[in-house]
Amino acid sequence: MELKTVRGPSNSESSDDGKLQETCTTKRYYDKERHRISQNGTMTKKIAKWRMRERMKTVCVALNFCLNLGVDPPDVIKTEPCARLECWIDPLQFAQPLKALEMIGKALQENFEKMQPRARYKLALDPTVDETKRLCGSLRRNAQDERVLFYYNGHGVPKPTSNGEIWVFNQDYTQYIPLSIYELQTWVGSPSIYVFDCSASGMVVNWFLQFAEQRAKEHERLMTTSPASVTTNLLVKDFILLGASGFNEVLPMNPDLPADVFTSCLTTPIIMALRWFISNSILVKAGVSVDIVDKIPGRLADRRTPLGELNWIFTSVTDTIAWNVFPRDVFQKLFRQDLLVASLFRNFLLAERIMRTFNCTPISYPKLPPTFQHAMWEAWDLAVDMCLSQIPEMLGNPNIEYNQNPFFEEQLTAFEVWLDYASEKKRPPEQLPIVLQVLLSQTHRIRALHLLGRFLDLGSWAVNQALCVGIFPYVLKLLQSPAAELRQILVFIWTKILAHDKSCQLDLVKENGHVYFVSVLNGSGIPADQKTMAAFVLSIVSHNCRPGQSACLAANVITSCLSNLNSEDDMLRRWAVTCLGKVWESFEDAKILAVKEGALDKIYNLFIDPVPEVRAAAMYTLELFLGNSENPELSQVEKNLGSILVPVLSDGSPLVRGVLVELLGKLVQIYEENFKEMFQELLQLESAAEPQHRRTRSSLSGSQEISLKTSREISIRSSKETPVPMPPSPRTFSENSKPFSTLWSLLTTLTLDPINDISSNSEKIIRSIKEQVLGKTAEPSFRNASHWESFKLNAGGKIFRRSPGNLVKAASSNNLVSLLSLANTNHSSSTSLRKTPSSGVLDLRRSSSGEVPGSQREVEDDGPGSRPGSPPVSPALTRSRNVIRDEIPILVEEVQFNFFDWNCEHFSRQNLKESHHDGAEALQKIWRERRNAAVLNKVPDVKKVFSPKLSRPKKFEEQVALLDNSPEVPQKILFHSFDPLLILADDGNGIHVWDRTLSSKICAFKNRSANSVYSKTNSIQLINEDCNSLLLVASEDGFVRMWGNFDEISELKMVTAFRALAPAYYESSPVVTNWQPQSGFLATSGAGHSGMIRIWDLEREFHIQDLVVGTENAHVTSMCTLGEKTLVAGCNEGSICVFDFRMKYTLTSVLNENRESILHIDAPRKESGNSTQIMTGTYAGNVFSWDLAATHRQSVRNFPAFQKTRMTSMAVHRVAPFIACGSLDARVKIFDLQGSVVSEIKYHDGFLGQRINTPSCLAFHPYNLFLGAGYQDSFASVFTVSTPSS
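Residues numbered from 1 in each chain as written. Predicted model: local features only at pLDDT ≥ 70, side-chain atom pairs only at ≥ 80, totals over all residues. Heavy atoms only, no water.

### Some points on the overall build of the protein
On a plain count of helices and strands, the protein comes out with 40 helices and 38 strands. For the protein, the proportion of its 1286 residues judged to be buried stands at 59%. When the accessible surface of the protein is summed, it comes to about 53200 Å², and 49% of that surface belongs to carbon and sulfur atoms. (Helix = DSSP H or I, 4+ residues; strand = E, 2+ residues; numbered from the N terminus. Buried < 20%, exposed > 50% of the residue type's maximum accessible area, 1.4 Å probe, protein only. Areas by Shrake-Rupley, 256 points an atom, 1.4 Å probe, with all protein chains shown as cover.)

Right, dumping it as structure tokens:
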């Protein structure tokens, strides 16, 4: 766990106050992912439609040339000289025009074949209407549902007509024949792409769109009137249009350009781009001519050569421009669906840039935003310039090597800079398509992968961006690489992808990509984090995917997972066991193999794993084992799970208990008929037990009746319910029902869980069985009924009832207490209930001194004024009592358990080191460190306040705050070490948080869950005081709840809750707690475990040990710790039990000089930090000082704090030598450690100050000289020292 360190005292003071830094140097608790992230299913993730629904190919290409070489069109006046080149061929070099036309057509076909070599090409040279029709019809029949490209070169015919027609020829080439675009649409069909290289091609595009709309309306009309007459070629859809010019524009005639400049840009972009660059740059003045373009060495497909590198850079630049300018859906359709279409549109961006300089605007459908001024064109120009500057020297000396262009390295650096300041709110990085292209080269691949991994780690939005840009096929292909240096980053990238989109699992299986991750999981010397991610990937591969499960089973993934269950890394254990469950989920072959390899026993061992997520994962894996099995051996394992799952009931993690409910719910679903049969038997046993109960009641003696009545009053005053009949023996259940009775017991116990949804889901499962047996109206709702009962069955098969007070009046020795005790490792001494041999009824044991001093005997009070012995309330301090308890809001912690999705979300969040530019959080941390250090630096001054060197000592009499907590009476009071907060727990279950500097209440809430009943608060403690403090509240029902943001009602959150102690169903002692921040141990005692101390490890959220106090009738009333080694507990009969942590909390000594019930015990700190002194106060009014290092067992010093009255409260200052004691006769005395009276407080501050009421609680500030006191009249006050005037 991360250490949270703040600045402590200066070096000169560290020797005296080294032990005082414990609050600021301890671990942070309840700050794990399971506490900070809600367990209500999955995060809100928007998965972009990055995967094209259908990959489309252009399989047929019709190349139509209407050139009529040697004859100019009548509506075009050409300049002289004029552009002549067609496909970089000069027609005048051929004697016969037909030969030139054939060569031009062949050259264009070769250029298209470089982009799509597998397509079928057909040439139509100066075609007629019929030839065009036959050509288009033939290609559509061959293409079927794939795309057809129709290319039209109209340089030798007139412009398109205003009626939506283009021109072709008659049979004798004596006339121009119009060809309607409407007819062309019918012949070519859909899907299709059209390229019109002619003047005024914008007119063609406009008419094409109008005809398409007309067809759509006609299709809609016919579908309404006569569907039978609708033809397949009527509707034109899924078409793409490219045009060389605008509506009335004429193609460029510059002699420095080819005549088909648009076609040249689309088919030979590098040549066209280089020629245009040279003609428009200063290279012309340097003697570099356009002829050098044809001499550039290399091939387009070889990225190591100059020509290939330029082509690679050009692809990256155009992809980047399109990615950053076009809408995502348009980018996906044009650049990722069809290889030929993608090439054409990359080149179309170049055509727009070049032709706009000649007052010609290429157009397209879909209509695209302009890109000719994008900044990436400047990067392209720089790359071209750096390449061309080397060519003349290379041509002159073939031995000169080509220097690689720094384009990609510079773009990766720009991407890295963006990542340093990355944020979802910022514009996505421009360089993402370039990173994709870099993966094709080994030169920068590793760097690009690491940067890509950093980008994917930013969150689901980043993964969406990467998938949409087309990263998936590249990283899938890289799994075939055996390079060890790629392993770590590849595993990380795939983890991020699958955490975002689980649908990629089938792609991995089809390409045998899962084998890569199996090898990582099995590899020796591979770090645990890589194995963890590999296990996660294999879990996703097997998730609801039978091909994936079969592939993992064949690859021996089960054996691999089992071998990693003993790993020291908790994340690896967590995901190894999860992967195991996903492989065998609903897959009987995998289950049988796993059972043979002893998988179940290894999973059971994980139920006591120190990490809650691992325990929950083991529980989840066991849940996946259930069901869909016809194997008798496997079914028997399922039925016998009850006894194995009992220990999980005491787990302190709601995550684990929530998965347990899911598991039990699945068992009920599988064996529904068996559970109904068991419940029917249960009803019969209850019916048979009624007469026996009546006989038992009639045979009770008078004293037993009185005892029973007393216990019922203690339990709940308002209950009118008669005692519960004693249940029959568990042996009366049939053999078939016994396993299910144990499982039923677990469910009914979980209905008492403090987490709302755990109890609610358990109740729903139980109700489903009861309603099927008894009918839907047989039992009122658990939540809405004011008085309700439900049968409860324990591990031994006994029955008892539950009342609205959540307390049972009478039960057998094998009731809920026993069941909860069975859930702990040491349960032999965990209960103080004793069975009477004659009747089987539990004795109502009391303490040796009779009534427990200070015990709370009533659940509901009529108000502070009703307490006997309380001093009269001063009229000046009287406040209205017309405030009901329910005005304090009840906080509900909603938890919906979807463990696997929640588990996967760990990898959806940022896993790499966070950026150092998170300013707000860093500044808050610095501020807290300085504030806390300032408090600790004042500790030496606090300790010197009552130094003997002072001529006139100060007194603890100045009142700095008076707090009206009406109508609630403070019973516990607590200072925050660093914030100006004072926390009060009232005589009910209300928690009140005050700002002591402003004397204002800032927050109030009830310590309960929505499903819980009224239960008094017995103890409050603060955890993580240095940062993000939590308030630990223990109530008399044995539950411990942790509240976060307790000083702000709108942000209040119950971080966790668990049953620390079994409930008491008769007389019980209040719950006592002691928190040890250094070790993370919480000691608890009281409720149903009055005679013992239960130790919880809050970091593990697990009960680790039970400690038995010295005498049989003793129960703990107060506890404290000495450093990290010693736990000291004071008991009701006066004994003091000392436990040594170094000896596993063994009871080392018992101090029992006095027989007075101990009210409070605490340990003041010494300057050396090695204090062995403890102070105890008794209800009788005496204070004792003990030295645990002394060989004798007698107190070092004792003195009477009060002689003629009883002590009601006591506090010991942590660093200053002060003891505060409150008495029943409304006084507060402050003593030094030698017993001398320092101050005495009887009145509130001010002129004619009123007399204080009986102190109900006292507390010192840990580091400052503040004393807080709560009174029986609902007021509280804060005092500090005052200096007498001279």
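After that view, the rundown keeps rolling.
### A short note on the sheet that holds strand β19 (residues 1053-1059)
On the basis of which strands lie adjacent, the open sheet formed by four strands has the order β16-β17-β18-β19 and antiparallel pairing. Strands at the two margins of the open sheet, each flanked by one partner only, are β16 (1017-1023) and β19. Going from strand to strand, the sheet's axes swing by 20° on average, the running direction of each strand aside. Of the strand pairs in this sheet, β16 and strand β17 (residues 1030-1035) are connected by six bridges, and their pairing is antiparallel. Note that in β17 the partner of Ile-1023 across the bridge is Leu-1030. (Pairing = 2+ DSSP bridges. Axes fitted to C-alpha atoms, helices over the stretch in contact; angles between N-to-C directions.)

### Some details on the confidence of the model for the protein
When the pLDDT values of the protein are averaged, the result is 81; 80% of them are 70 or greater. Across the protein, the element-wise mean pLDDT spans from 29 in strand β10 (residues 799-800) up to 97 in helix α26 (residues 570-584). Counted against residues more than four places away or in other chains, residues 700-730, with its pLDDT under 50, gives 63 contacts. Below pLDDT 50 for its whole length, residues 779-896 participates in 301 contacts with residues either more than four positions away or in separate chains. (pLDDT = per-residue confidence, 0-100. Contact = heavy atoms within 4.5 Å.)

### Things to note about the environment of Leu-1127
The residue Leu-1127 is located in strand β25 (residues 1126-1131) in this model. As for Leu-1127 and Phe-1139, which are separated by 12 residues in sequence, their C-alpha atoms are 5.1 Å apart. Once residues lying within four places of it in the same chain are set aside, the contact partners of Leu-1127 are Asn-1074, Ala-1083, Ile-1093, Ile-1095, Leu-1107, Met-1119, Cys-1120, Thr-1121, Cys-1137, Val-1138, Phe-1139 and Tyr-1145.

### Quick word on the packing of helix α9 (residues 269-279) against helix α12 (residues 339-356)
The N-to-C vectors of α9 and α12 enclose an angle of 25°; their axes lie 10 Å apart at closest approach. The pairing of α9 with α12 is recorded here as roughly parallel in orientation. Relative to α12, the crossing made by α9 is left-handed. Between α9 and α12, the residues in contact are Pro-269, Met-272, Ala-273 and Trp-276 and Asn-347, Leu-350, Arg-353 and Ile-354, respectively. The class makeup of the residues in the contact of α9 with α12 is six nonpolar, one polar and one charged. (Parallel < 35°, antiparallel > 145°, perpendicular 65-115°, else oblique. Left-handed = near helix turned anticlockwise from the far one by under 90°. Nonpolar A, V, L, I, M, F, W, Y, C, P; charged D, E, K, R; others polar.)

### Regarding the sheet that holds strand β29 (residues 1173-1178)
Taken together, the four strands give an open sheet; going across it, the order is β28-β29-β30-β31, and neighbouring strands pair in antiparallel fashion. In this open sheet, the two edge strands, each paired with only one partner strand, are β28 (1158-1162) and β31 (1197-1200). Pairwise comparison of adjacent strand axes, ignoring direction, gives a mean angle of 15° for this sheet. One ladder, built from five bridges, connects β29 with strand β30 (residues 1182-1187); its direction is antiparallel. Bridge pairing links Ile-1174 to Trp-1186 in β30.

### Examining the pattern of salt bridges
Scanning the entire structure with this criterion turns up 31 salt bridges. One salt bridge connects Lys-78 with Asp-72, and the closest N-O pair in it is separated by 3.4 Å. For Glu-673, the salt bridge identified is with Lys-676, shortest N-O distance 3.1 Å. In this pair, Glu-673 and Lys-676 are both assigned in helix α33 (residues 672-698), three residues apart and thus about one turn of the helix distant. Note on Lys-676: relative accessible area 16%, which makes it buried. Three or more residues joined by partner-sharing salt bridges are found here, namely Arg-147, Asp-238, Lys-333 and Asp-338. (Salt bridge = Lys/Arg side-chain N within 4 Å of Asp/Glu carboxyl O.)

### Observations concerning the packing of aromatic side chains
Evaluation of the coordinates by the stated rule reveals 45 aromatic pairs. Consider the rings of Trp-418 and Phe-455, whose centres lie 6.0 Å apart with planes at 55°: the pair is tilted. In this pair, Trp-418 is assigned in helix α15 (residues 407-420) and Phe-455 in helix α17 (residues 445-456), connecting sequence segments 37 residues apart. Each member of the pair, Trp-418 together with Phe-455, is buried. Ring geometry for Phe-675 and Phe-740: centres 5.2 Å apart, planes at 70°, overall edge-to-face. (Phe/Tyr/Trp six-rings, centres within 6.5 Å; stacked < 30°, edge-to-face > 60°.)

### Here's the deal with the packing of helix α23 (residues 528-542) against α26
Remark: α23 packs on α26, axes separated minimally by 8 Å, with the N-to-C direction vectors making an angle of 20°. As summarised for this structure, α23 and α26 are arranged roughly parallel, according to the angle between their axes. For the element pair α23 and α26, the recorded crossing hand is left-handed. In contact with Ala-528, Lys-531, Thr-532, Ala-535, Phe-536, Leu-538, Ser-539 and Ser-542 of α23, α26 contributes Met-571, Leu-572, Trp-575, Ala-576, Thr-578, Cys-579, Lys-582 and Val-583. Among the residues making up the contact of α23 with α26, the classes are represented as 10 nonpolar, four polar and two charged.

### Points about unusual backbone geometry
Put simply, Tyr-365 and Pro-366 share a cis peptide bond, and its omega is 5°. Of note, Pro-366 is situated in the loop between β8 (363-365) and α13 (376-388). Of note, the amide linkage connecting Ser-966 to Pro-967 takes the cis form, showing an omega dihedral of -5°. In this structure, Asn-544 is a non-glycine residue whose phi angle is positive, near 50°. Along the polypeptide, Asn-544 turns up in the loop between α23 and α24 (546-554).

### A closer look at the pairing of strand β7 (residues 239-243)
Along β7, five of the five residues are buried, which leaves the element largely enclosed by surrounding structure. Side-chain alternation along β7 places Phe-239, Leu-241 and Gly-243 on one buried face and Ile-240 and Leu-242 on a second face that is also buried.

### Considering helix α18 (residues 460-469)
In terms of burial, α18 is a largely internal element, 10 of the 10 residues being buried. Along α18, the residues classified as buried are Ser-460, Trp-461, Ala-462, Val-463, Asn-464, Gln-465, Ala-466, Leu-467, Cys-468 and Val-469. Just past α18, the residue Gly-470 takes up positive phi, approximately 105°.

### Quick notes on α9
Within α9, eight of the 11 residues are buried, leaving the element largely enclosed by the surrounding structure. Inspection of α9 places Pro-269, Ile-270, Met-272, Ala-273, Leu-274, Trp-276, Phe-277 and Ile-278 among the buried residues, and these make up the whole buried set. Of the surrounding elements, those touching the buried residues of α9 are α8 (261-267), α10 (306-325), α12 and α13.

### As for the environment of Ile-608
Its place among the elements puts Ile-608 in the loop between α28 (599-605) and α29 (612-625). A residue is classified by how much of its surface remains accessible, and Ile-608, at 52% relative accessible area, is exposed. Measuring from C-alpha to C-alpha, the distance between Ile-608 and Ile-1104 comes to 9.8 Å, with 496 residues separating the pair along the chain. In this structure Ile-608 touches Arg-615, Arg-1100 and Phe-1102, once residues within four positions along its chain are discounted.

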